[in-house]
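# Residue-level structural notes
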Amino acid sequence: MEDIAKIAFRTRYGHYGFTVIPSRLTNAAAAFMDLMNRVFRLYLDKIEVVFIDDILLYSRTKEEPAAHLRAVLQTLRKHKLYAKLSKCESWLSEVTFLGHMISREAIKLAYKKLRQS
């Protein structure tokens, strides 16, 4: 967030800065990944995995997910980051994440995500 000034620009109408990372910025994905790792460092590999803008929460018991979700949402709010509700899924017994089907029983390759060449 402190780097916003580095990509700000000035016109005769005023000084402007991005409120989101512009997609064509060379290091946008790496910068955002670094931000997410710093923001969620307390939770990484304990209750969540983060890859760029994907957050995967996991729990060992049926009681934990609500507390984990609350902690992550509070962290997002604290850092003025937002989750898009239409992209959120909760309380799933299996999920596809980064090309893998993850469930309590196993982690398998998600074949639907593979393409033939």
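The coordinates are above.
Note that the structure is a prediction, hence the values are computed from the model and not measured.

### What to know about the pattern of salt bridges
Under the counting rule described, the total for this entry stands at one salt bridge. Of the charged contacts in the structure, one is a salt bridge between Asp34 and Arg38, with a shortest N-O distance of 3.0 Å. Taken together, the residues Asp34 and Arg38, both in helix 1 (residues 28-39) and four residues apart, mark about one turn of the helix. Judged by relative accessible area, which is 40%, Arg38 ranks as partly exposed.

### Notes on the pairing of strand 6 (residues 100-103)
Along any regular strand, the residues point their side chains to alternate faces of the sheet. Inspection of the sheet shows strand 5 (residues 94-97) paired to strand 6 by four bridges, in the antiparallel sense. Residue pairing across strands places Glu94 opposite Ser103, the latter belonging to strand 6. Here strand 5 hands over to strand 6 after two residues, with Leu98 in that stretch at a positive phi of 55°. Across three bridges, the pairing between strand 6 and strand 7 (residues 107-109) is antiparallel. Paired with Ile102 across the bridge in strand 7 is Ile107.

### Details of a nonpolar patch on the surface
Taken together, the side chains of Phe9, Tyr13, Tyr16 and Phe18 define a hydrophobic patch exposed on the protein surface, amounting to about 440 Å² of accessible area. Checked against the element boundaries, Tyr16 lands in strand 2 (residues 14-16). Classification of Tyr16 as partly exposed rests on a relative accessible area of 38%.

Conventions and cut-offs
- Residues numbered from 1 in each chain as written.
- Predicted model: local features only at pLDDT ≥ 70, side-chain atom pairs only at ≥ 80, totals over all residues.
- Heavy atoms only, no water.
- Salt bridge = Lys/Arg side-chain N within 4 Å of Asp/Glu carboxyl O.
- Helix = DSSP H or I, 4+ residues; strand = E, 2+ residues; numbered from the N terminus.
- Buried < 20%, exposed > 50% of the residue type's maximum accessible area, 1.4 Å probe, protein only.
- Pairing = 2+ DSSP bridges.
- Patch = residues over 30% accessible without salt bridge, like charges linked within 9 Å, V, L, I, M, F, W, Y side chains within 5 Å.
- Areas by Shrake-Rupley, 256 points an atom, 1.4 Å probe, with all protein chains shown as cover.

Fair warning: the whole summary comes from geometry, so function is off the table for now.
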